[in-house]
Amino acid sequence: MPDREPNREPAREPREQKSSETEAERRRRRAVFLRELTEARELRDRVQPRRAKTARLRHAMRMRTFRW
């Protein structure tokens with residue numbers, strides 16, 4: 001068996017650079033991500049209507065049985 005290199009984690013950014021990101025930038029990136037996620041879900045629902053319907057029914061059942 002050939003020798004394998006140990007799994008190396010990608011280099012992480014130093015904390016100083018990470019903290020320089022403003023809260024507004026973080027919120028903007030998050031908004032873009034959530035927008036794209038919603039768009040992807042809508043596309044999947046259009047492409048796979050049967051799966052979308054069963055997912056809706058499952059979610060409705062979960063919500064009916066959930067106790068506040």
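See the structure above.
All values reported here derive from a predicted model rather than from experimental measurement. (Residues numbered from 1 in each chain as written. Predicted model: local features only at pLDDT ≥ 70, side-chain atom pairs only at ≥ 80, totals over all residues. Heavy atoms only, no water.)

Caption draft 1: Just the overall build of the protein chain, in detail. Looking only at helices and strands, the protein chain has three helices and zero strands in total. Reading the protein chain from its N terminus to its C terminus gives the helix and strand order α-α-α. Out of the 68 residues belonging to the protein chain, those deemed buried represent 1%. About 7,700 Å² of surface is accessible on the protein chain, with carbon and sulfur atoms providing 52% of the total. (Helix = DSSP H or I, 4+ residues; strand = E, 2+ residues; numbered from the N terminus. Buried < 20%, exposed > 50% of the residue type's maximum accessible area, 1.4 Å probe, protein only. Areas by Shrake-Rupley, 256 points an atom, 1.4 Å probe, with all protein chains shown as cover.)

Caption draft 2: Representation of the pattern of salt bridges. Under the criterion given, the structure shown has two salt bridges. Arg29 serves as the salt-bridge partner of Glu21, at 2.6 Å between the closest nitrogen and oxygen. Of the residues examined, Glu21 reaches a relative accessible area of 30% and is grouped as partly exposed. Two residues, Glu23 and Arg26, come together in a salt bridge whose shortest N-O distance is 3.0 Å. Of the two residues, Glu23 and Arg26 are both situated in helix 2 (residues 23–47); the distance of three residues between them amounts to about one turn of the helix. Taking relative accessible area as the criterion, Arg26 reaches 37% and is therefore assigned partly exposed. (Salt bridge = Lys/Arg side-chain N within 4 Å of Asp/Glu carboxyl O.)

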